[in-house]
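Descriptive structure summary
One letter stands for each residue in the lines below.
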Amino acid sequence: MEYILIFIAAVFVNNVVLSQFLGICPFLGVSKKVETATGMGAAVTFVLAISTIVTFLIQKYVLDVFGLGFMQTIMFILIIAALVQMIEIILKKVSPALYQALGVFLPLITTNCCVLGVAIQVIQKDYNLLEAIVYAISIGIGFALALIVFAGIREQLAMTHVPSGMKGTPIALITAGLLAMAFMGFSGIV
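Rules of the game
Residues numbered from 1 in each chain as written. Predicted model: local features only at pLDDT ≥ 70, side-chain atom pairs only at ≥ 80, totals over all residues. Heavy atoms only, no water. Helix = DSSP H or I, 4+ residues; strand = E, 2+ residues; numbered from the N terminus. Rg over C-alpha atoms; globule rule 2.2 N^0.38 Å. Areas by Shrake-Rupley, 256 points an atom, 1.4 Å probe, with all protein chains shown as cover. Lys, Arg positive; Asp, Glu negative; His and termini not counted. Charge placed at Lys NZ, Arg CZ, Asp CG, Glu CD. Core = buried A, V, L, I, M, F, W, Y, C linked by side-chain atoms within 4.5 Å. Buried < 20%, exposed > 50% of the residue type's maximum accessible area, 1.4 Å probe, protein only. Contact = heavy atoms within 4.5 Å. Axes fitted to C-alpha atoms, helices over the stretch in contact; angles between N-to-C directions. Parallel < 35°, antiparallel > 145°, perpendicular 65-115°, else oblique. Left-handed = near helix turned anticlockwise from the far one by under 90°. Nonpolar A, V, L, I, M, F, W, Y, C, P; charged D, E, K, R; others polar. Expected span 1.5 Å × (residues − 1). Polar contact = N/O pair within 3.5 Å; in protein donor to acceptor, adjacent residues only side chain to side chain. Patch = residues over 30% accessible without salt bridge, like charges linked within 9 Å, V, L, I, M, F, W, Y side chains within 5 Å. Salt bridge = Lys/Arg side-chain N within 4 Å of Asp/Glu carboxyl O.

Quick look at the overall build of the chain
If you tally the helices and strands in the chain, you get 9 helices and 0 strands. N-terminal to C-terminal, the α/β element order of the chain is α-α-α-α-α-α-α-α-α. Relative to a compact globule of 190 residues, whose C-alpha radius of gyration would be 16 Å, the chain shows 17 Å and is just as compact. Overall size of the chain, expressed as C-alpha extent along the three principal axes, is 60 × 45 × 30 Å. Of the roughly 9,800 Å² of accessible surface on the chain, a fraction of 72% belongs to carbon and sulfur atoms. One finds the centroid of the 8 positive side-chain charges in the chain at a distance of 15 Å from the centroid of its 7 negative side-chain charges.

Examining the nonpolar core
In this structure, Phe27 and Ile109 are the most contacted members of the largest nonpolar core, which totals 49 residues. At the level of elements, α1 (2-13), α3 (34-63), α4 (72-94), α5 (96-102), α6 (105-110), α7 (113-124), α8 (129-158) and α9 (169-184) are the ones that each hand at least two residues to this core. Broken down by element, this core gets its largest block of residues, 9 residues, from α8. Each residue touching Phe27, except ones within four places of it in the same chain, is listed here: Val17, Leu18, Ala146, Leu147, Phe150, Ala176 and Leu179.

A look at the packing of α3 against α7
Running from N to C, α3 and α7 cross one another at 45°; their axes reach a closest spacing of 9 Å. On the basis of their axis angle, the class for α3 and α7 is oblique. Between α3 and α7 lies a crossing whose hand is right-handed. Across from Val47, Leu48, Ser51, Thr52, Thr55, Phe56 and Gln59 in α3, the residues of α7 making contact are Cys114, Val115, Val118, Ala119, Val122 and Ile123. Here the contact of α3 with α7 is built from residues that sort into 9 nonpolar, 4 polar and no charged.

Considerations on α8
Counted at 1.5 Å a residue, the expected span for α8 with its 30 residues is 44 Å, and the 43 Å between its end C-alpha atoms agrees. For α8, the N-terminal cap is Asn128; the gap from its side-chain oxygen to the backbone nitrogen of Leu130 is 3.1 Å.

A short note on a nonpolar patch on the surface
A grouping of Leu57, Tyr61, Val62, Val65, Phe66, Leu68, Phe70 and Leu129 is seen on the molecular surface, where their side chains present a nonpolar patch of about 800 Å² in accessible area. Ranked by the residues each element gives to the nonpolar patch, the list is headed by α3, at 3 residues. If you trace the backbone, Tyr61 turns up in helix α3. Given a relative accessible area of 59%, Tyr61 falls into the exposed group.

Details of the pattern of salt bridges
Tallied over the entire structure, the rule returns 1 salt bridge. Among the ionic pairs, Asp126 bridges to Lys60, the shortest N-O distance being 3.8 Å. Of this pair, Asp126 sits in the loop between α7 and α8 while Lys60 is found in helix α3, placing the two residues 66 residues apart along the sequence. Of the residues examined, Asp126 reaches a relative accessible area of 56% and is grouped as exposed. Classification of Lys60 by relative accessible area gives partly exposed; the value is 25%.

Thoughts on the environment of Thr52
Of note, Thr52 is situated in helix α3. On the accessibility criterion, Thr52 (1% relative accessible area) is buried. Sequence spacing of Thr52 and Glu88 is 36 residues, and the spatial spacing of their C-alpha atoms is 17 Å. Setting aside residues up to four positions removed in sequence, Thr52 forms contacts with Val118, Val122, Ala132 and Ala136.

Structure follows, in structure tokens:
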């Protein structure tokens, strides 16, 4: 039951983009087409899962053991950047098709604050490893859900008449705000 609550809370109630405002840059930048939004969502979910496992283990078995908790942020940044690079190299050799599918999304994830934010939140919430993995994957699914829904709305907006002063970023920000308010309706669930 605990894992189901973590999942529902991470995907709907505490959506990383719409309530915590992490990952706004790719949310606004990659959300013009549903296809690219889906690719970015899948890539973020994959990297979130792997980086959370590695950063959790580094925190528990290196930083905490040697009293280096103050190095958490810089270590997590370095670990995430290294992991993304290693994943990119491995995918290029092992699965060129998947590497092509993810394309430009993997390097973009290195600078996505959502990945670092989740790694730090897992430690702050004092989750065990399994809870941390469930939380990370749930956050990734929530990120992908918000990104895909937003991209679908933006595709529809591109086909409608929008006043010239509202075209582009202004209407996108208003839409994002309305989407965030819609997700606030889930706040009473958990």
